[in-house]
Amino acid sequence: MSQVPARLLFLGTGTSHGVPMIGCTCSVCRSIDPRDKRLRPSIYLDVPTHVRLLVDTSPDLRQQALVHELARVDAVLFTHSHADHILGLDELRRFNAIQGAAIPCYANAPTWETLRQAFSYIFDGVTRLGGGIPELDPREITGPFAVRGVRIVPVAVWHGLMPVLGFRFGNVAYLTDCNRLDDSAWALVDGVDTLIIDALRDRPHGTHFSLNEALDVIARIKPRRAFTTHMTHDLGHAATSARLPAGVELAYDGLVLDVSVDVE
Ligand SMILES: [Zn+2]
Ligand SMILES: [Zn+2]
Ligand SMILES: [Zn+2]
């Protein structure tokens with residue numbers, strides 16, 4: 001196994017409502033700082049000459065693809081089945097058309113169960129007149145796997161009572177939507193250079209890490225650098241950044257990180 005450089009792009013760093021939130025007039029929702037504009041959570045990992053991976057299909061996928069001129073998605077990884085992570089699934093039709101092929105989609109069994117229910121028109125096998133459906137190649141995640149030679153390690157985390165998958169790609173781990181790491185997760189993220197982690201807001205929440213809880217996890221894992229994601233309007237970018245410890249930053253939509261991924 002060796003490592004190759006890759007580019008990790010934050011497509012969305014907001015919580016399920018996005019920021020600004022509909023109908024909110026708070027200072028963060030009205031901020032003119034572009035880093036306070038947060039679409040729904042997703043990342044895109046470009047591994048040149050290997051693969052372009054999308055993690056989750058947010059309701060903002062169309063806009064995210066247009067803004068960042070994404071023209072290829074070789075595979076999709078799903079963290080879990082909440083609406084803010086899956087409702088853009090239908091947008092994959094454009095990538096089917098461009099690529100002329102079904103798109104491999106990876107998720108654990110409970111996520112597949114919900115995807116098949118939520119998107120029954122894709123999976124029920126009924127031929128419909130007019131209106132295409134995405135062509136997907138469903139794959140179940142049961143352990144570490146590789147996509148076009150790029151090694152992906154699922155990392156079990158807990159989102160309240162819901163099991164969610166984080167992913168480690170070489171020297172970077174993406175842990176969205178969680179308020180606890182599974183006992184099995186700590187060894188899998190050990191030694192990571194770059195950690196991306198859920199930090200919803202300052203106040204505690206039943207299914208997401210608060211900022212202080214995320215900082216505790218970061219302090220235990222000790223990555224070289226860490227980025228928070230899935231943030232509400234409570235965490236204005238500039239004001240929150242000013243009170244973070246060295247090596248921890250708020251991610252923002254459009255931020256690109258240079259990382260290294262493992263290839264087989
Ligand atoms: Zn979410
Ligand atoms: Zn607001
Ligand atoms: Zn969720």
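Up top is the structure these notes are about.
Residues numbered from 1 in each chain as written. Chains lettered and ligands numbered in written order. Predicted model: local features only at pLDDT ≥ 70, side-chain atom pairs only at ≥ 80, totals over all residues. Heavy atoms only, no water.

## Overview of the overall build of the protein chain
Thinking step 1. Within the protein chain, the secondary structure is distributed over 8 helices and 15 strands.
Thinking step 2. Over its C-alpha atoms the protein chain spans a radius of gyration of 18 Å, differing by no more than 12% from the 18 Å that the globule rule assigns to 264 residues.
Thinking step 3. Dimensions of the protein chain, computed from C-alpha atoms along their principal axes, come out at roughly 55 × 50 × 35 Å.
Thinking step 4. Partitioning the intrachain contacts of the protein chain with sequence separation of at least 6 by distance along the chain shows that 66% fall at a separation of at least 24.
Thinking step 5. For the protein chain, the accessible surface area stands at approximately 11600 Å², while carbon and sulfur atoms represent 52% of it.
Thinking step 6. With 25 positive and 30 negative side-chain charges, the protein chain shows a separation of 3 Å between the mean positions of the two kinds. (Helix = DSSP H or I, 4+ residues; strand = E, 2+ residues; numbered from the N terminus. Rg over C-alpha atoms; globule rule 2.2 N^0.38 Å. Contact = heavy atoms within 4.5 Å. Areas by Shrake-Rupley, 256 points an atom, 1.4 Å probe, with all protein chains shown as cover. Lys, Arg positive; Asp, Glu negative; His and termini not counted. Charge placed at Lys NZ, Arg CZ, Asp CG, Glu CD.)

## Observations concerning the packing of aromatic side chains
To describe a pair of aromatic rings, one takes the distance between the centres and the angle between the planes.
Thinking step 1. In the structure shown here, the tally under the stated rule is 5 aromatic pairs.
Thinking step 2. Between Tyr106 and Phe145 the ring centres are 4.7 Å apart and the planes differ by 15 degrees, which places this aromatic pair in the stacked class. Here Phe145 lies in strand 7 (residues 145-147) and Tyr106 lies in strand 5 (residues 103-107), a separation of 39 residues in the sequence. Taken individually, Tyr106 and Phe145 each receive the classification buried, so the pair is uniform in this respect. (Phe/Tyr/Trp six-rings, centres within 6.5 Å; stacked < 30°, edge-to-face > 60°. Buried < 20%, exposed > 50% of the residue type's maximum accessible area, 1.4 Å probe, protein only.)

## Notes on helix 4 (residues 109-118)
Thinking step 1. Along helix 4, the residues classified as buried are Thr111, Trp112 and Leu115. For helix 4, the buried positions fall inside an angular range of 100 degrees around the axis, keeping them on one side. Residues of helix 4 that are exposed and point over 90 degrees away from its buried face: Glu113 and Gln117.
Thinking step 2. Residues of helix 4 that are buried sit in contact with helix 2 (83-86), strand 5, helix 5 (120-123) and strand 6 (136-140). (Arc of directions from axis to C-beta.)

## As for the coordination of the zinc ion (ligand 1)
Thinking step 1. Summarising the metal site, the zinc ion (ligand 1) is bound by the protein donors Asp84 (OD), His85 (NE2), Asp177 (OD) and His230 (NE2), whose distances to it range over 2.1 to 2.3 Å.
Thinking step 2. Angles of 92 to 163 degrees at the metal separate the 4 donor atoms of the zinc ion (ligand 1), which places the site in the irregular class.
Thinking step 3. Written as a sequence motif, the donor residues of the zinc ion (ligand 1) are D-H-x91-D-x52-H.
Thinking step 4. Between the zinc ion (ligand 1) and the zinc ion (ligand 3) the interatomic distance amounts to 3.4 Å, and Asp177 serves as a bridging ligand to the pair. With Asp84 in helix 2 and His230 in the loop between strand 13 (225-229) and helix 8 (237-241), the pair connects residues that are 146 residues apart, well separated along the chain. Per residue, the accessibility class of Asp84 equals that of His230, and both read buried. (Donors = N, O, S within 2.8 Å, 3.2 Å for Na, K, Ca; no water. Tetrahedral: all angles 85-135°; square planar, octahedral: opposite > 155°, others 65-115°.)

## Here's the deal with the coordination of the zinc ion (ligand 2)
Thinking step 1. The zinc ion (ligand 2) binds to the protein through Cys24 (SG), Cys26 (SG), Cys29 (SG) and His233 (ND1), with metal-donor distances spanning 2.0 to 2.3 Å.
Thinking step 2. For the zinc ion (ligand 2), the 4 donor atoms are set out with angles of 103 to 114 degrees between them, so the coordination reads as tetrahedral.
Thinking step 3. Donor residues for the zinc ion (ligand 2), ordered by position in the chain, follow C-x1-C-x2-C-x203-H. Of this pair, Cys29 sits in the loop between strand 1 (2-12) and strand 2 (42-47) while His233 is found in the loop between strand 13 and helix 8, placing the two residues 204 residues apart along the sequence.

## Focus on the pattern of salt bridges
Oppositely charged side chains are able to pair whenever their charged atoms sit close together.
Thinking step 1. Applying the stated rule across the entire model yields 12 salt bridges.
Thinking step 2. One salt bridge in this structure joins Arg35 and Asp33, with 2.9 Å as the shortest N-O distance.
Thinking step 3. Here the residues in one salt-bridge network are Arg52, Arg72, Asp74 and Arg148, joined through shared partners. (Salt bridge = Lys/Arg side-chain N within 4 Å of Asp/Glu carboxyl O.)

## Observations concerning the nonpolar core
Thinking step 1. If you look at the biggest cluster of nonpolar residues, it comprises 31 residues, and the most contacted ones within it are Leu8, Phe10, Leu45, Phe169 and Val261.
Thinking step 2. Among the nonpolar cores identified, the runner-up in size contains 26 residues, and Val155, Val189, Ile218 and Met231 belong to it. (Core = buried A, V, L, I, M, F, W, Y, C linked by side-chain atoms within 4.5 Å.)

## Points about the environment of Asn96
Thinking step 1. Along the chain, the position of Asn96 falls in helix 3 (residues 92-99).
Thinking step 2. Every residue in contact with Asn96, bar those within four places of it in the chain, is listed here: Ala101, Ala102, Ile103, Pro134 and Glu135.

## Some words on the side chain of Gln64
Thinking step 1. Along the chain, Gln64 turns up in helix 1 (residues 61-67).
Thinking step 2. Looking at Gln64, the relative accessible area reads 0%, which means it is buried.
Thinking step 3. Contact partners of Gln64, with chain neighbours within four places excluded, come to Leu11, Gly12, Leu39, Arg40, Ser42, Ser58 and Leu70.

## Describing the side chain of Thr240
Thinking step 1. Counting through the fold element by element, Thr240 comes out in helix 8.
Thinking step 2. Overall, Thr240 belongs to the buried group, its relative accessible area being 1%.
Thinking step 3. Once residues lying within four places of it in the same chain are set aside, the contact partners of Thr240 are Leu211, Leu235 and Leu250.

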